[in-house]
Amino acid sequence: MRLRGKAEGRPWLRALEGLAGTDLSMSFFSPSVIVRTILLMSQRGGHQESKKKLETSPSETMKAEEENYKEDRELKSEDWRPPSVFGVADLKNRAVGLYNIGQTCCLNSLLQAFFMNIHFTKILRRISVPVYGTQKENNVPYQMLLLLEKMQCGKQKAVSPTELAICLLRHRVEMFVQCDAAQLFLTLWNLLKKQMKNPELVEKLSDLYTITVQEHLACQICSSETTRNSSMLTLPVPLLASDSCMLKTLEECLQCFFHSEELTGHNMCFCEHCGKKTPFQQSVKLVHLPQTLTIHLKRFCFGRSAYIHKISNCLSFPQDLDFNAVLTEQQYQAYDNEKASWQYELFAVVAHSGSTSCGHYCAYIRSLTECKWYCFNDSLVEQVSWDDVRSTYGHSDLNWGQTAYLLFYMKKHSQ
């Protein structure tokens, strides 16, 4: 699902319109023209920030961008290889923001969730550096590594993700529009996995984020069963029960997701043994949980009018989550050594404010080295308390209030 709106402007499109002296559609310009315009604006310090955030003065922004440009010239040397890129989370007191270059708050929030994860940056810093310039420009893992290097080594409080955004444009990822964080997270992860040439790193990336579940279908007439294992990047848990009642806690949402369901009437399945459509019992059982668990709160859904609407109702989520205490024996299919590692601690929250057509994203992330919470709101980064994180639980009366959309939990023993 993609969320479109006018909460944030498109400075690169306005720049193109200024060049032509009239209001022109994006279709009049080739991708190369758009790319050159974005790069030109980035070098000139043309960053658009949300009206709700503090802005840097023009002189400070231009000075920061001049430093960025000098660093970029050095980074783009053909013989350059990152000597020691650890990651934002590896360095104390080095929380660095990302400029919003035109409705990129969703991308910025997800990038911070990646970069603050030490386990992810350990994988990213081991990638093979592409040889040719074109390969470098089109390689998403490499562009993320360059951005991470800029965040780690730069002296400014925020840097620009322009080159990475342009790289994603080349892979037909829609930028500079309202995005859905869950969909963009899946897109980024697939591009990372596809472009990492080292099979060992691909396996490590999968182990870091991939969930395994077992799908069960049992005929209610002949009792024949069909099972298969499936991999998932996120657990998409509902906020509504089967009777359309609002769920109040994350634990209730997880129990609802793994609750078995009887398929009857129009939902009956064809049974090969019975030779006809019969009632089936459908269930999903948990098999494996990764080191970093991503839970997708399905706040956007179709209403009676067939339009997508947002569920802003309050849903609490814990700092500590033990799946052994949440699920019953009928809801998992795992060995004891696997279940012993199902204890998690909250690592990050990607929150959304606004409606389906007009909104903004920010990220609350706990530093693994300091054990302190930070709010990453594009270029503005500030330390916050757990009460600030809890404010993303949501409320039915909120219009622009923040509501948690993606929850990232990390295994306790892995820290």
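Quick caveat, the model's predicted, so the values are computed rather than measured.

Engineer: What's the story with the packing of aromatic side chains in this structure? I'm lost.
Structural biologist: Working definition: an aromatic ring pair is given by the centre-to-centre distance plus the angle between the planes. Evaluation of the coordinates by the stated rule reveals 15 aromatic pairs. Summarising the aromatic geometry, the rings of Phe-114 and Tyr-209 are spaced 5.9 Å apart at their centres and angled 75 degrees between planes, so their arrangement reads as edge-to-face. In this pair, Phe-114 sits in helix α4 (residues 105-115) while Tyr-209 sits in helix α10 (residues 199-209), placing the two residues 95 residues apart along the sequence. Taking the relative accessible area as the measure of exposure, Phe-114 reaches 1% and is therefore buried.

Engineer: Looking at this structure, I do not really get the environment of Glu-174. What am I missing?
Structural biologist: Relative to the elements of secondary structure, Glu-174 occurs in the loop between α8 (162-170) and α9 (181-195). Placed 10 residues apart in sequence, Glu-174 and Leu-184 show a C-alpha to C-alpha distance of 9.3 Å.

Engineer: Would you explain the side chain of Ser-109 in this entry?
Structural biologist: Following the sequence through the fold, Ser-109 ends up in helix α4. Taking the relative accessible area as the measure of exposure, Ser-109 reaches 2% and is therefore buried. Not counting residues within four places of it along the chain, the set of residues in contact with Ser-109 comprises Val-350, Tyr-361, Cys-362 and Ala-363.

Engineer: Before we go on, may I ask you to explain the environment of Phe-376 in this structure?
Structural biologist: Position of Phe-376 among the secondary structure elements: in strand β16 (residues 373-377). Counting along the chain gives 271 residues from Phe-376 to Cys-105, while the straight-line C-alpha distance between them is 9.7 Å. Residues within four places of Phe-376 in sequence aside, it is in contact with Ala-95, Val-96, Gln-112, Met-116, Cys-362, Ala-363, Ile-365 and Val-381.

Engineer: Is there a simple way to think about the sheet that holds strand β9 (residues 280-288) in this case?
Structural biologist: The strands that make up a sheet are held in pairs by hydrogen bonds between backbone atoms, and each pair lies either parallel or antiparallel. Across the sheet, which stays open at both edges, the four strands sit in the order β4-β3-β9-β6 with antiparallel pairing between neighbours. For this open sheet the edge positions go to β4 (225-232) and β6 (261-263), each flanked by a neighbour on one side alone. Averaged over neighbouring strand pairs, the angle between their axes works out to 25 degrees when direction is ignored. Bridge analysis of β6 against β9 gives three bridges, and the strand direction is antiparallel. Its bridge partner being in β9, Leu-263 is matched across the sheet by Phe-280.

Engineer: What should I look at first to understand the packing of α4 against helix α7 (residues 140-153) in this one?
Structural biologist: For any two helices packed against each other, one specifies the inter-axial angle together with the distance between the axes. Viewed as axis vectors pointing N to C, α4 and α7 meet at an angle of 80 degrees, and their least axial separation amounts to 12 Å. Between α4 and α7, the angle falls in the class roughly perpendicular. In this structure, α4 uses Leu-111, Gln-112, Phe-114 and Phe-115 to contact α7, whose residues at the interface are Met-144, Leu-147, Leu-148 and Met-151. For the contact of α4 with α7, the class distribution of residues is seven nonpolar, one polar and no charged.

Engineer: Quick question: what am I supposed to make of the nonpolar core here?
Structural biologist: Counting 65 residues, the largest nonpolar core has Phe-114, Phe-115, Phe-120, Met-144, Leu-168, Tyr-209 and Leu-406 as the members making the most contacts within it. Residues Leu-321, Tyr-364, Val-389 and Ala-404 belong to the second largest nonpolar core, which totals 43 residues.

Analysis parameters
In this numbering scheme, every chain counts its residues from 1 along its sequence in written order. Per-residue local features are limited, in this predicted model, to residues with pLDDT of at least 70; the limit for side-chain atom pairs, both in listing and counting, is 80 or more; totals at the level of whole chains, interfaces and linings are taken over all residues. For side-chain calculations, the full set of non-hydrogen atoms in the structure is used, while hydrogens and water are omitted. Side-chain rings of Phe, Tyr and Trp, where Trp is taken by its six-membered ring, are said to pair if the distance between their centres is within 6.5 Å; with planes under 30 degrees apart they count as stacked, over 60 as edge-to-face, and otherwise as tilted. Only DSSP runs of H or I reaching four residues or more are called helices, and only runs of E reaching two or more are called strands; each is numbered from the N terminus. The rule is simple: take the accessible area with a 1.4 Å probe, protein chains only, and divide by the maximum for that residue type; under 20% is buried, over 50% is exposed, in between is partly exposed. Any two residues whose heavy atoms approach within 4.5 Å at even a single point are treated as in contact. Note on pairing: DSSP must find at least two bridges between two strands before they are called paired. For every element, the axis is a line fit to its C-alpha atoms; helices are fit only across the contacting stretch, and the angle between N-to-C directions ranges from 0 to 180 degrees. Orientation categories follow fixed angle ranges, with anything under 35 degrees roughly parallel, anything over 145 roughly antiparallel, 65 to 115 roughly perpendicular, and all other angles oblique. Residue polarity is assigned by list, with Asp, Glu, Lys and Arg as charged and Ala, Val, Leu, Ile, Met, Phe, Trp, Tyr, Cys and Pro as nonpolar; anything else, Gly included, falls into the polar class. We define a nonpolar core as any set of buried Ala, Val, Leu, Ile, Met, Phe, Trp, Tyr and Cys residues linked to one another through side-chain atoms lying within 4.5 Å.

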